[in-house]
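Survey of secondary and tertiary structure
Spelled out from the first residue to the last, the chains are:
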Amino acid sequence: MNALIVILFTVPLLLQYYLVNTLTLRRHNMKTALLLIYSATIYSAASVASFCPTFLRQQQRLSLKSPQPIKSSALFVVTEEDVIAKVEEAEALWAKAYEARKTANELSEKAEAIGQDAEVSTSDATEALKQSISLEKVADATNAQNLSLDLGNVLDQALKAQEAADEIEAQAEKALAASEAALEQHLIDFPENA
């Protein structure tokens, strides 16, 4: 294969050399000499490309490829300590979720009590104001209005506490699933602990 490439390159180059020397020595037409040299160069390139396509493709592949670094991978095993840490994390999140749920329930109960007081106070103030208007009856109406505002604030706090409890429970569920997966992997990594 290499001999063929040498022949294909050498013949056109010798032809070019001969043409340049003979034509310049004889002082022939320079355009003709350049045309012959140009056609010989095209012939040499085309002949190499047509007779040796695999060689050229291999050269292109080799030139395009850059050396790839060897990648190393780390080996991780799940130890008993890892499993215990995951379980403790899940337990802590469940305890936090319980406290958040408890706070949300207390705020909800407080809002219910304020709501009942506000309902009674509003109905009493409405009945009292239907009969006649006095400073005492306006004060009762203001009290009913303030209870309604307090009810709105406590309901907002209860709603936020409920949302926080839901988020913490979702995190606790994920932590529980992670601890279960860690336990399963530990039993795979250390079958003697099964």
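From a predicted model like this one, the values you see are computed outputs, not experimental measurements.

A surface patch of nonpolar side chains, about 270 Å² in accessible area, is lined by Leu-129, Ile-133 and Val-138. Since its relative accessible area comes to 38%, Val-138 is described here as partly exposed.

Angle between the axes and distance between the axes: these two values describe a pair of packed helices. One way to put it is that helix H4 (residues 80–131) packs onto helix H5 (residues 135–189) with a least axis distance of 6 Å and a crossing angle of 165°. As far as their axial angle goes, H5 and H4 are roughly antiparallel. Where H4 crosses over H5, the two elements pack in a sense that is left-handed. In the contact of H4 with H5, the residues fall into 32 nonpolar, 12 polar and 12 charged.

Once that is clear, we can look at the environment of Asp-150. Within the secondary structure, Asp-150 sits in helix H5. Its relative accessible area of 39% is what places Asp-150 among the partly exposed residues.

With that settled, consider the pattern of salt bridges. Should their charged atoms come close, side chains of opposite charge can pair. Tallied over the entire structure, the rule returns 4 salt bridges. With its nearest N and O atoms 3.0 Å apart, the salt bridge here joins Glu-169 to Arg-101. On the criterion of sequence distance, the pair formed by Glu-169 in helix H5 and Arg-101 in helix H4 is long-range, its members being 68 residues apart. Here the residues in one salt-bridge network are Arg-101, Asp-166 and Glu-169, joined through shared partners.

Scoring rules and cut-offs
Residues numbered from 1 in each chain as written. Predicted model: local features only at pLDDT ≥ 70, side-chain atom pairs only at ≥ 80, totals over all residues. Heavy atoms only, no water. Patch = residues over 30% accessible without salt bridge, like charges linked within 9 Å, V, L, I, M, F, W, Y side chains within 5 Å. Areas by Shrake-Rupley, 256 points an atom, 1.4 Å probe, with all protein chains shown as cover. Salt bridge = Lys/Arg side-chain N within 4 Å of Asp/Glu carboxyl O. Buried < 20%, exposed > 50% of the residue type's maximum accessible area, 1.4 Å probe, protein only. Axes fitted to C-alpha atoms, helices over the stretch in contact; angles between N-to-C directions. Helix = DSSP H or I, 4+ residues; strand = E, 2+ residues; numbered from the N terminus. Parallel < 35°, antiparallel > 145°, perpendicular 65-115°, else oblique. Left-handed = near helix turned anticlockwise from the far one by under 90°. Nonpolar A, V, L, I, M, F, W, Y, C, P; charged D, E, K, R; others polar.

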